[in-house]
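One-letter residues, chain by chain:
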Amino acid sequence: MAKVLMKGNEAIGEAAIRAGCLNYFAYPITPQTEVAEYLSRRLPEVGGVFLQGESEVAVSYMLFGASACGARVFTTSSSPGVSLMSEGLSYITAAQCPAVIVNIMRGGPGLGGILPSQGDYFQATKGGGHGDYHLLVLAPASVQETVEMVMSAFILAEKYRNPVMILGDGLIGQMMEPAELPPMQPLNTEIPEWAVRGTQGGEKRVLTSINLDPPAQEVMNLRLMTRWQEIEKNEIRYKEYFMEDAEYVVVGFGTAGRVSLSAVRAAREQGVKVGLLRPISLAPFPNEVLDALSEKVKAFLVVEMNAGQMLEDVRLVVRGRKPVEFFGRMGGVVPFPDEVLTEIKRLVEAPPTTQGHPRDRWLARLAETLG
Amino acid sequence: MGFKHMIDSDRCKGCGLCIMVCPKNVLEISTEVNAKGYFPAYQAQPEDCIFCTACCIMCPDVAITITETIEDAAAEKIKRGSNG
Amino acid sequence: MVVTDMPTRIVNQRPKTFEPITTHYCPGCTHGVAHRLVAEVLEEMGEIENTIGVASVGCSVFAYNYFNLDFVEAAHGRAPAMATGIKRVYPERTVFTYQGDGDLASIGMGEIVGAASRGEEITVIFINNANYGMTGGQMAPTTLPGQRTTSSPTGRDVERQGYPIQTAELLSTLEGASYIVRRSMHSSREIRRAKQAIRTAFEVQKHGMGFSLVELLSTCPTNWGLTPVDARKWVEERMLPYYPLGDFKVAAAVADLKF
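The present account deals with the structure reproduced in this document.

How each quantity is defined
- Residues numbered from 1 in each chain as written.
- Chains lettered and ligands numbered in written order.
- Predicted model: local features only at pLDDT ≥ 70, side-chain atom pairs only at ≥ 80, totals over all residues.
- Pairing = 2+ DSSP bridges.
- Helix = DSSP H or I, 4+ residues; strand = E, 2+ residues; numbered from the N terminus.
- Contact = placed C-beta atoms within 7 Å.
- Axes fitted to C-alpha atoms, helices over the stretch in contact; angles between N-to-C directions.
- Expected span 1.5 Å × (residues − 1).
- Bend = angle between axes of the 7 residues up to and from the residue.
- Buried ≥ 20, exposed ≤ 12 C-beta atoms within 10 Å, placed from the backbone.
- Core = buried A, V, L, I, M, F, W, Y, C linked by C-beta atoms within 7 Å.
- Domains from an automatic or database assignment.
- Parallel < 35°, antiparallel > 145°, perpendicular 65-115°, else oblique.
- Left-handed = near helix turned anticlockwise from the far one by under 90°.
- Nonpolar A, V, L, I, M, F, W, Y, C, P; charged D, E, K, R; others polar.

Remarks on the sheet that holds strand 9 (residues 206-207) of chain A
Thought 1: Ordered in space as 9(A)-3(C)-2(C)-4(C)-5(C)-7(C)-6(C)-8(C), the eight strands form an open sheet in which the pairing is mixed. On the outer flanks of this sheet lie strand 9 of chain A together with strand 8 (246-250) of chain C, each paired with one strand and no other.
Thought 2: Where strand 9 of chain A lies against strand 3 (residues 70-73) of chain C, two bridges are found, and the strand directions are parallel. From the neighbouring strand, Leu207(A) faces strand 3 of chain C, where its bridge partner is Val72(C).
Thought 3: The sheet contacts of helix 1 (residues 31-44) of chain C involve strand 2 (51-55), strand 5 (123-128) and strand 7 (211-217) of chain C, and relative to strand 5 of chain C the element is tilted by about 160°.
Thought 4: Strand contacts of helix 7 (residues 188-206) of chain C: strand 4 (94-99), strand 5, strand 6 (177-184) and strand 7 of chain C, with the helix running at about 165° to strand 6 of chain C, the strand carrying the most contacts.

Rendered as structure tokens:
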């Protein structure tokens, strides 16, 4: 199939349509508004539903309503908007409805900036909204990967009756890359046996998440957790690069992982035995591979575009067996490969420690760099 | 032509709205408590009831039913218009 | 039901869409009346197998227990957005929301204005009882000046707490809204009129004529601290002057609607 040069945001929109999702509710927010603009033209062409809601809050419930009927539906937003959707995502998960949300992260917290960051890792992977629940979180690092992820997200969401979040960032959303778009998937017109549809003469169905009886609510919580365990077992995704003889491992996801790959390549050319672990499923997190690496390698360097969020999950798995250092940029600043290369060399040359917190050491260096 | 007025006393919460709205003062609150702990309404003067359905319309618990036994099918046919 | 060997005609009984269980609503609360009217209308229109209700957060949070209809539960205020999602994706379904003061006129004001201005083809049943019932009687956007509630214990002070919102009037200014009316449930005559309005509202939806809303003045005996009988008098004497009954928006096509 031919490759098309596409802007990430537009590729997301087109991929959703090809995945057989013809329902999109959204609210404009930089840096992902192009998805809505693209789909406002494209969805009517394919007989789909496009609606710009009055706020992200409203959009999250339009998503819920459509999803409760068993229809494939998705939305896109960016960090502050996703915060507004957090309650809705909690409700959608509690009612066991499938939905796909794409978060094109920007600088934060607060109104923040419009350039890329990875500052919503905690929000995405630890739930975001209230209560005991998890989103299935996937992190792409290129437009092609995003396209493939969008295609599979709907299938995963329906398989587990759980929302799936694709955690991208402004770089992926805005950049143009060649991508192979899959063919149109057939539309699914069947209404699932759990969805509301109007009784049609059958038993009534109610999709609700309120349960005033604690033991009954606990049973509900257990069901959600059991399902999460299934997801943990089946849906771990990651990529390893230059790992066979690696003595040091860089861990980075999304754009930070991609930048780190360039740095790892450069380091290899200089004879440094470093590899890259790029988690693709952030929730569930690839604990096992990291655990195995903890026995093998000398030290880890976590690279993120935030103040150290995935860092916590890495430290948890490594549990002090080996040093874990950190390098991050925040506020919409995207690190350059040579910055990461400098950090890799620092890791290799200076004796790293398992004492103290890597964030503190990094912050001290960053403060110096920024003057 | 026999109309029947029935109050489901287990459904009734004794709110008294039917009593207030009855044009013929047929209904009163009973002194016998129901399973939920309410004192339900009942027809104290059933012979005065004109089956106007004001009580049915007012009742928030839809506890009142009025039916009509059809003794004469022909008479019923003549009468048949709306069914309440 | 009466079991008899004589043929029996029902003059008035519980509609079968209204489940035969005791509601949790307080004695004299007109939620039960509103539920019954919605159930009757949907039955008479033959829509009960095609309807999806959106329950909201308030005393009626368990409304779905009382209707033999498919239902979803929305978060507080978001029912119009959920209804929008459902109706946009399945336009042939009959979709309605059932909301109270806080849900619709406070936290949900953005959603109801959004849905009405977009002319979403849904029907909204709005229960106005001038307070937040479920949470114990706090001040609502519909609480009257001077009215005592648990969060305005000395009476609503318009200087510091502002004026109530007349929702039907407010929404009727929206071009996208097709049928916005206010009725009451404080007497059997007004209940009859309310039923007609609810029927019209659902017919507006069925005929694809746009957004319909029926605001229903309702009693809240428990939180008003009144008997059910006195509570209905309070509606008549205190609420009607501020919330007059009437048709605030009737689109031209709706005015000509015959059913």
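Having seen it, we continue.
Comments concerning helix 6 (residues 143-160) of chain A
All names here are of chain A.
Thought 1: Taking 1.5 Å per residue as the helical rise, helix 6 with its 18 residues ought to reach 26 Å, and the 25 Å between its terminal C-alpha atoms agrees with that figure.
Thought 2: The largest bend along helix 6 measures about 30° and falls at Ser152.
Thought 3: For helix 6, the complete set of buried residues consists of Val143, Glu145, Thr146, Val147, Met149, Val150, Ala153, Phe154, Leu156 and Ala157.
Thought 4: Positive backbone phi, approximately 50°, marks Arg161, located one or two places after helix 6.

Side note on the nonpolar core
Thought 1: The biggest cluster of nonpolar side chains holds 218 residues, and the ones touching the most others in it are Ile344(A), Cys18(B) and Met82(C).
Thought 2: A per-element tally of this core places helix 3 (residues 56-68) of chain A first, with nine residues.
Thought 3: When residues of this core are sorted by domain, at least three fall in each of domain 1 (3-234) and domain 2 (238-370) of chain A.
Thought 4: Look past the residues within four positions of Ile344(A) in its chain and what remains in contact with it is Tyr248(A), Val250(A), Ala263(A), Ala267(A), Val272(A), Val274(A) and Leu301(A).

Side note on the packing of helix 10 (residues 287-296) of chain A against helix 11 (residues 310-318) of chain A
All names here are of chain A.
Thought 1: Where helix 10 contacts helix 11, the two axes come as close as 9 Å, and the packing angle between them is 55°. With respect to each other, helix 10 and helix 11 are oriented oblique. Helix 10 and helix 11 meet at a crossing whose hand is right-handed. On the side of helix 10, the interface is formed by Asn287, Leu290, Asp291 and Ser294, while helix 11 contributes Val314, Val317 and Val318.
Thought 2: Looking at side-chain class alone, the contact of helix 10 with helix 11 contains four nonpolar, two polar and one charged residues.

Take it as geometry only, folks, not as evidence of what the structure does.
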